[in-house]
Amino acid sequence: MNKSTVLTDKQGRIDWIDWAKGWTILFVVIYHAFKSVHDANVFARGEQQIGEWMIFLLATFIMPIFFALSGLVYKEVKNREEYGKNMLKRIVSLAVPYIIFSAAYVFMQNLSPESSTHAVHPWSDLLGIFAHPISYLWYIYALVLIYILSDFLDLCKFNVQVQFGISLILFVAASLIEFPTFLHLMFTWAVTFNFGRLIKEHKTFSYNKSFIAALTIMLISWLIQIQFGGENWYDTNGLTFVTFVSKMASIPVFFYIYSNFRENRIHNYFRKYGRDSLIIYLVHAPAVSAIRAVFVKAGIADYFLMIVGVTLFAWLISVIACYLTKKIAVIELIFYPTRCIRWLK
């Protein structure tokens, strides 16, 4: 096995996983910067095309990697007592920030509806957030559901290989049948989560041949997507039959790359914020929208200055949120409620 795949710090965390989370959350911020600027439609067609290519490339791997990393660190449930305890902790840990940032997102949209690049959610939509997630918070919503499903299948004594097979069947079903939102998201993305679990068990990402094969498959599928993607060929954030191969292939490719990182200042920086990737994920999207709106109103006409500025300021605001979480108990309660509630520790 590649030595970097088992490198741990003093707390026993696998270093490359934190690097992976740190780098990937940076790519998520960059993705939303390009997407927000593109959807504002304030630049010429040539600059918009640059944004479309970046959206296409980044969307291929950012969410599959996050789901797969969650699968990689997932711990199997052994009994009913553990199932109930884990389910409660996971629901509380993600539901609290999910509710708060759903309200924050709707508030920001209604505060300046003319600046929004998406349909403005009425306040009444907050009553239905457990049936229909708002905007980028779909990931938090889907992850909770996938945890519940995986815990249940563990309790039924299905091994990882069988669960991966089940998730493949569920993906096909979700692609062909119209399910309620909660089932659609759970059935669609569970396969990426279970691929992470499968990789953990078999360590396939630590071999050169697997890396080259997955990279080749991903590149070929990219070409196919471009040919058959239609007018919005670049909008590949969802997991569909068209995007399935490239997104699944991206997981071992990026796991291989991340696991072969060597310790240096840059990687240590992203390892630090990889541990707080949830905070950055929650904060960055409204920050991107707000900063992009300010830049547009300020009349910034240089495309690259807009992208770099939006990315840097959104990252800075997210990093400040990480810092404040460690200093202020109320903010820590918002992002990490289970750390503050004694009976859930």
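Draft legend 1. Expanded view of the overall build of the chain. The helix and strand tally for the chain stands at 13 helices and 0 strands. Starting at the N terminus and ending at the C terminus, the chain contains elements arranged as α-α-α-α-α-α-α-α-α-α-α-α-α. Oriented by its inertia axes, the alpha-carbon framework of the chain measures out at about 60 × 50 × 50 Å. A total of 345 residues make up the chain; the buried ones form 52% of that total. With an accessible surface of roughly 16,700 Å², the chain has 66% of that area assigned to carbon and sulfur atoms. Placing the 30 positive and 21 negative side-chain charges of the chain at their respective mean positions leaves the two points 10 Å apart.

Draft legend 2. A look at the packing of helix H10 (residues 277–297) against helix H11 (residues 303–327). Between H10 and H11, whose axes approach to 8 Å, the crossing angle comes to 140 degrees. The orientation of H10 relative to H11 falls into the category oblique. Judged by the sense of rotation from one axis to the other, the crossing of H10 with H11 is right-handed. Across the interface between the two elements, Ile279, Ile280, Val283, His284, Ala287, Val288, Ile291, Arg292, Phe295 and Val296 from H10 touch Leu305, Met306, Gly309, Val310, Phe313, Ala314, Trp315, Ile317, Ser318, Ala321, Cys322 and Thr325 from H11. Considering only residue class, the contact of H10 with H11 consists of 17 nonpolar, 4 polar and 1 charged.

Draft legend 3. Main features of the pattern of salt bridges. Within the structure shown, the criterion is met by 7 salt bridges. The shortest N-O distance in the salt bridge between Arg45 and Glu52 comes to 2.8 Å. On the accessibility criterion, Glu52 (5% relative accessible area) is buried. Between Glu263 and Arg271 there is a salt bridge, with the nearest N and O atoms lying 3.6 Å from each other.

Draft legend 4. Structural detail: the packing of aromatic side chains. Counting across every chain of the model gives 42 aromatic pairs. Within the aromatic cluster, the residues linked to one another by ring pairs are Trp19, Trp23, Phe27, Phe61, Phe254, Tyr258, Phe261, Tyr269, Phe270, Tyr273 and Trp315. If you follow Arg90 out to its NZ or CZ, it ends over the ring of Tyr147, 4.4 Å from the centre.

Draft legend 5. Representation of the nonpolar core in the model. Core analysis: the largest hydrophobic core is formed by 109 residues, its most contacted members being Trp16, Tyr139, Ile140, Phe255 and Trp315. Per-element accounting of this core gives the leading share, 14 residues, to helix H1 (residues 15–40). Excluding residues within four positions of it along the chain, Tyr139 makes contact with Met63, Phe66, Phe67, Ser70 and Tyr281.

Draft legend 6. Highlighting the environment of Ile99. Its location among the elements puts Ile99 in helix H3 (residues 80–111). Exposure remark for Ile99: the relative accessible area of 39% places this residue in the partly exposed category. Separated by 122 residues in sequence, Ile99 and Ser221 place their C-alpha atoms 37 Å apart. Among residues more than four places away in sequence, those in contact with Ile99 are Ile129 and Phe130.

Draft legend 7. Structural view of the side chain of Asn237. Mapped onto the fold, Asn237 is located in the loop between helix H7 (208–228) and helix H8 (244–259). Here Asn237 is in contact with Tyr31, Ala59, Met63, Trp138, Trp189 and Lys247, once residues within four sequence places are set aside.

Scoring rules and cut-offs
- Residues numbered from 1 in each chain as written.
- Predicted model: local features only at pLDDT ≥ 70, side-chain atom pairs only at ≥ 80, totals over all residues.
- Heavy atoms only, no water.
- Helix = DSSP H or I, 4+ residues; strand = E, 2+ residues; numbered from the N terminus.
- Buried < 20%, exposed > 50% of the residue type's maximum accessible area, 1.4 Å probe, protein only.
- Areas by Shrake-Rupley, 256 points an atom, 1.4 Å probe, with all protein chains shown as cover.
- Lys, Arg positive; Asp, Glu negative; His and termini not counted.
- Charge placed at Lys NZ, Arg CZ, Asp CG, Glu CD.
- Axes fitted to C-alpha atoms, helices over the stretch in contact; angles between N-to-C directions.
- Parallel < 35°, antiparallel > 145°, perpendicular 65-115°, else oblique.
- Left-handed = near helix turned anticlockwise from the far one by under 90°.
- Contact = heavy atoms within 4.5 Å.
- Nonpolar A, V, L, I, M, F, W, Y, C, P; charged D, E, K, R; others polar.
- Salt bridge = Lys/Arg side-chain N within 4 Å of Asp/Glu carboxyl O.
- Phe/Tyr/Trp six-rings, centres within 6.5 Å; stacked < 30°, edge-to-face > 60°.
- Lys NZ or Arg CZ within 6 Å of the ring centre and 35° of its normal.
- Core = buried A, V, L, I, M, F, W, Y, C linked by side-chain atoms within 4.5 Å.

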